[in-house]
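A look at the structure
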Amino acid sequence: TQKDINDAVWKACDTFRGSIDPSVYKDYVLTMLFLKYLSDVHDDKMEGYLTKYNGDLDRAKRSMLHERFIVPEQSHFKFLYDSRNEANIGELINIALTDLEEANREKLYSEDGAGIFQNIDFNSSKLGEPKDKNQRLKTLLIDFNNEKLNLRPSHLGGADIIGGAYEFLISNFASDAGKKAGEFFTPSEVSTLLAKLTKSKPGSRICDPTCGSGSLLIKAGNEVGSGNFSLFGQEANGSTWALAVMNMFLHGFDNANIRWGDTIRNPKLKEGDALMKFDTVVANPPFSLDKWGKIEDKDGEKTTVSYDPESDKYNRFWRGVPPKSKGDWAFISHMIETLNEHGKAGVVVPHGVLFRGSSEGKIRQKTIEENLLEAVIGLPANLFFGTGIPAAILVFNKQKSSNNVLFIDASKHYESAKNQNKLRASDIEHIVTTYRDFAAGKLQPGVVEDKYSYIASPEEIQENDYNLNIPRYVDTFEEEAEVDIAAVQKEIELLEGELVKVQGEIEVYLKQLIT
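Regarding the packing of helix H10 (residues 188-197) against helix H11 (residues 215-222)
Packed helices, taken two at a time, are described by their axes: the angle between them and the distance between them. Where H10 contacts H11, the two axes come as close as 9 Å, and the packing angle between them is 40 degrees. Relative to H11, H10 is oriented oblique. As for how H10 packs across H11, the hand of that crossing is right-handed. Where H10 approaches H11, its residues Ser 188, Ser 191, Thr 192, Leu 194 and Ala 195 are matched on the opposing element by Leu 216, Lys 219 and Ala 220. Looking at the contact of H10 with H11 residue by residue, the class counts come to 4 nonpolar, 3 polar and 1 charged.

This is the structure in structure tokens:
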């Protein structure tokens, strides 16, 4: 079952716990899971062909060359497991991964020629002194050789169990990794909410320009309701990019196009010289990223500018260039510029995006005047890994049903958990239903639901100087209970009487002590 496999892979992490940081060892465990999966699928297929061809090994091997992945003999998990006591086991695993990449260049190399395993080194000193490292790798191989981790499709059935196990590991690493987790994982409930708010039609192109390990992108794809969609993503961190590529394969999205690189300075998802356009763009970009834009290379007296958002060749920042210490509107501008004529975008942002002034205020005003902003949704605090600050979701839509904007304050609707708060299914449903009713034109401007949702007209937002701070629209003021002055006066008199009585008693006791 899913639980058995989740428990078994989580146990495999015990090898590293306590001695190596989760943000480091996650890459080793997830890579080993991927390798074990490919090896088990290979064995399953091979057995099938041997049965089909009555044990003719040559015919079976020839047929295996047309399979989804080719697994060279020395890249197979069984070879590594049998070599577990070798002194150079780390090196053998590295060679196995390189050979696996070479045998599957079409799939395991990016268009830029980067292999997905190039950032991972099983022979690294990060895993400890040689003796400790070898012991850890041996234990890892033994853990993955567990019968419970039989990942053959014939054993697992058709369910997406392997993809589920990978997601389970990533989310658990995220809660262990603390602050570093935000770089590779968006909490599952937030991904679900974003995917439902931007629900794509069949045939859609869906993109996440800051895709982390790809789980938000997969959620957005699954929301389509059929297999007719294509996934695109870009991720700046090389190790995280590799996780995203593996995640796509494990979920069966072999045609997903995930690129490695900085989305702002070097967007890779292009058609010809222009940026690729999408039906849906979803993202949870880094909050208020510092030094996101201009790059100046100083060489003695000479300064070369290798990237400047002011002269961005795709003209993404025509509404204005965000401040260099706050990259939020840079990512939003990129997302809007990559929407097609009927596209929709959903993005997670810190609240400062809603009200900060100067260049950010000007960009915000322009997007509102263009009638692109559809909804502002305030989320509870402490939902995200690595930051307790509350965030909001902005929905932009090129085909709005009106020129009004929906505001939702969902900050009080959540379940308190040990390390962080969680959105319940009912909280997500509440937000999504309100949003869909608004998008369908069923709701009138003004208060929709007391202390929860409000529809603002463009004039009202203009009166507020294009400030989108949610309390300006959704009145969450709690009236205090009326005070009954007469009753309070009576109580004071009663207490004063009691005080006189107590003071009299104290005086009596003091006199007794003196005498």
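Still more ground to cover, so stick around.
Quick look at helix H16 (residues 425-439)
Between its first and last C-alpha, H16 extends 21 Å over 15 residues, near the 21 Å set by a 1.5 Å rise per residue. If you check which residues of H16 are buried, you get Asp 427, Ile 428, Ile 431, Val 432, Thr 434, Tyr 435 and Phe 438. Projected down its long axis, H16 shows its buried positions confined to an angular sector of 160 degrees, all on one face. The inward-facing, buried residues of H16 abut H10, strand E9 (339-350), strand E10 (373-378), strand E11 (391-397), strand E12 (405-409) and strand E14 (453-456). Positive backbone phi, at 75 degrees, marks Gly 441, one or two positions downstream of H16.

Here we look at the packing of helix H2 (residues 22-52) against helix H7 (residues 130-144)
At a minimum axis separation of 11 Å, H2 and H7 run at an interaxial angle of 45 degrees. Relative to H7, the element H2 lies oblique. Pair H2 / H7 crosses with right-handed handedness. Across the interface between the two elements, Val 29, Met 32, Leu 33 and Lys 36 of H2 pack against Leu 140, Leu 141 and Phe 144 of H7. Counted by class, the contact of H2 with H7 contains 6 nonpolar, no polar and 1 charged residues.

Side note on the nonpolar core
Core analysis: the largest hydrophobic core is formed by 99 residues, its most contacted members being Phe 34 and Phe 144. At 11 residues, the largest contribution of residues to this core is made by H2. Among all residues touching Phe 144, those that are not within four sequence positions of it are Val 9, Ala 12, Val 29, Met 32, Leu 33, Lys 36, Phe 77 and Leu 149. Residues Val 347, Leu 372, Tyr 454 and Val 474 belong to the second largest nonpolar core, which totals 35 residues.

The rules we used
- Residues numbered from 1 in each chain as written.
- Predicted model: local features only at pLDDT ≥ 70, side-chain atom pairs only at ≥ 80, totals over all residues.
- Heavy atoms only, no water.
- Axes fitted to C-alpha atoms, helices over the stretch in contact; angles between N-to-C directions.
- Helix = DSSP H or I, 4+ residues; strand = E, 2+ residues; numbered from the N terminus.
- Parallel < 35°, antiparallel > 145°, perpendicular 65-115°, else oblique.
- Left-handed = near helix turned anticlockwise from the far one by under 90°.
- Contact = heavy atoms within 4.5 Å.
- Nonpolar A, V, L, I, M, F, W, Y, C, P; charged D, E, K, R; others polar.
- Expected span 1.5 Å × (residues − 1).
- Buried < 20%, exposed > 50% of the residue type's maximum accessible area, 1.4 Å probe, protein only.
- Arc of directions from axis to C-beta.
- Core = buried A, V, L, I, M, F, W, Y, C linked by side-chain atoms within 4.5 Å.

Any link to function would need more than the numbers given here.
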